[in-house]
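Listed below, chain by chain, are the residues.
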Amino acid sequence: MPNTTAIFSKTASAVARWAGRPLVFLACCAAVVGWALTGPAFGFSDTWQLVINTGTTIATFLMVFLIQNTQNRDNAALQAKLDELIRVSKAKNEFIGIEHLSDKELEDILTECERHRPQVIDRAEARVRRERQAVTPRRSGKTAPRKRASG
């Protein structure tokens, strides 16, 4: 039996790519306009309204699961990339995989990181000051002689 998770992932990705295209959006808009234009022919009946309500509800219900699946995979890929950047950099390797911690553990780590925030801001501001000083020419107390206007 084929791997249902892999089949679902491939199907979800394909449908998400398809559904995200401008042409699909325009087709959905055209369907709504077409439905609205048929209102007078059906006397704006309850059945006529039920058609659009049922169709949009089913589409929304199914799209929620497809969107969640693609977001989960995108988030997992992003986490893997960030973990690799942390692993090969001077950052703390303890941060690798913290997305699996409890909310309380994540909150504690965030609090610890926030404690270093003033130091980071001070260093950033000092760097900006140094860069501005390097770009801005220093003025000595002397002024350059002015050219006389000819004429």
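Everything below is about the structure printed above this text.
Keep in mind that what you see is a predicted model, and the values were worked out from it rather than measured.

Enquirer: Can you help me understand the overall build of the chain in this one?
Expert: The helix and strand tally for the chain stands at 5 helices and 0 strands. Put simply, the chain runs from its N terminus to its C terminus through helices and strands in the order α-α-α-α-α. Going through the 151 residues of the chain one by one, you find that 10% of them count as buried. Here the analysis covers contacts within the chain between residues at least 6 apart in sequence; of these, 36% occur between residues at least 24 apart. For the chain, the exposed area adds up to about 13300 Å²; of that, 62% sits on carbon and sulfur atoms.

Enquirer: What am I meant to see in a nonpolar patch on the surface here?
Expert: Together, Phe8, Ile58, Phe61, Leu62, Val64 and Phe65 make up an exposed nonpolar region whose accessible area comes to about 600 Å². Summarising the element assignment, Phe61 is placed in helix 3 (residues 46-88). Judged by its relative accessible area of 52%, Phe61 falls in the exposed class.

Enquirer: Looking at this structure, I do not really get the packing of aromatic side chains. What am I missing?
Expert: The relative placement of two aromatic rings is captured by the distance of their centres and the angle of their planes. Across all of its chains, the model carries 3 aromatic pairs by this definition. Arranged with centres 4.0 Å apart and planes meeting at 5°, the rings of Trp35 and Trp48 form a pair that is stacked. Linking Trp35 in helix 2 (residues 22-37) with Trp48 in helix 3, this pair joins segments that are 13 residues apart in sequence. We classify Trp48 as buried; its relative accessible area is 9%.

Enquirer: Explain unusual backbone geometry to me, please; I cannot follow it from the model alone.
Expert: Note: most peptide bonds trans; most residues except glycine with negative phi. In this structure, Phe44 is a non-glycine residue whose phi angle is positive, near 50°. Residue placement: Phe44 occurs in the loop between helix 2 and helix 3.

Enquirer: Teacher, can you tell me more about the packing of helix 1 (residues 4-19) against helix 3 here?
Expert: The geometry of a pair of packed helices is captured by two quantities: the angle between their axes and the separation between those axes. Put simply, helix 1 and helix 3 touch, their axes get as near as 9 Å, and they point 105° apart. By the angle between their directions, the pair helix 1 and helix 3 is classed as roughly perpendicular. Between helix 1 and helix 3, the residues in contact are Phe8, Ser9, Ala12, Ser13, Val15, Ala16 and Ala19 and Met63, Phe65, Leu66, Asn69, Thr70 and Arg73, respectively. Looking at the contact of helix 1 with helix 3 residue by residue, the classes come out as 8 nonpolar, 4 polar and 1 charged.

Enquirer: So what exactly am I meant to see when it comes to the pattern of salt bridges here?
Expert: Opposite charge on two side chains makes pairing possible when the charged atoms of those side chains draw close. The tally for this structure, following the rule as stated, stands at 4 salt bridges. The partner of Glu84 in a salt bridge is Arg87, with the nearest N and O atoms 2.6 Å apart. Note that Glu84 and Arg87 are positioned in helix 3 at a spacing of 3 residues, about one turn of the helix. Residue Glu131 is joined to Arg127 by a salt bridge in which the shortest nitrogen-to-oxygen separation is 3.9 Å. Within this pair, Glu131 and its partner Arg127 are both found in helix 5 (residues 117-135), separated by 4 residues, close to a single helical turn. For Glu131, a relative accessible area of 46% translates into the label partly exposed.

Enquirer: Help me out: how do you make sense of the state of the cysteines in this one?
Expert: What we call a disulfide is simply a covalent bond connecting the sulfur atoms of a pair of cysteines. In this structure the tally under the stated criterion is 0 disulfides. The thiol of Cys29 is not disulfide-bonded; the next cysteine sulfur, from Cys28, is found 7.1 Å away. Among the residues examined, Cys29 registers a relative accessible area of 33% and is labelled partly exposed.

So, how was this worked out
- Residues numbered from 1 in each chain as written.
- Predicted model: local features only at pLDDT ≥ 70, side-chain atom pairs only at ≥ 80, totals over all residues.
- Heavy atoms only, no water.
- Helix = DSSP H or I, 4+ residues; strand = E, 2+ residues; numbered from the N terminus.
- Buried < 20%, exposed > 50% of the residue type's maximum accessible area, 1.4 Å probe, protein only.
- Contact = heavy atoms within 4.5 Å.
- Areas by Shrake-Rupley, 256 points an atom, 1.4 Å probe, with all protein chains shown as cover.
- Patch = residues over 30% accessible without salt bridge, like charges linked within 9 Å, V, L, I, M, F, W, Y side chains within 5 Å.
- Salt bridge = Lys/Arg side-chain N within 4 Å of Asp/Glu carboxyl O.
- Phe/Tyr/Trp six-rings, centres within 6.5 Å; stacked < 30°, edge-to-face > 60°.
- Axes fitted to C-alpha atoms, helices over the stretch in contact; angles between N-to-C directions.
- Parallel < 35°, antiparallel > 145°, perpendicular 65-115°, else oblique.
- Nonpolar A, V, L, I, M, F, W, Y, C, P; charged D, E, K, R; others polar.
- Disulfide = S-S within 2.5 Å.

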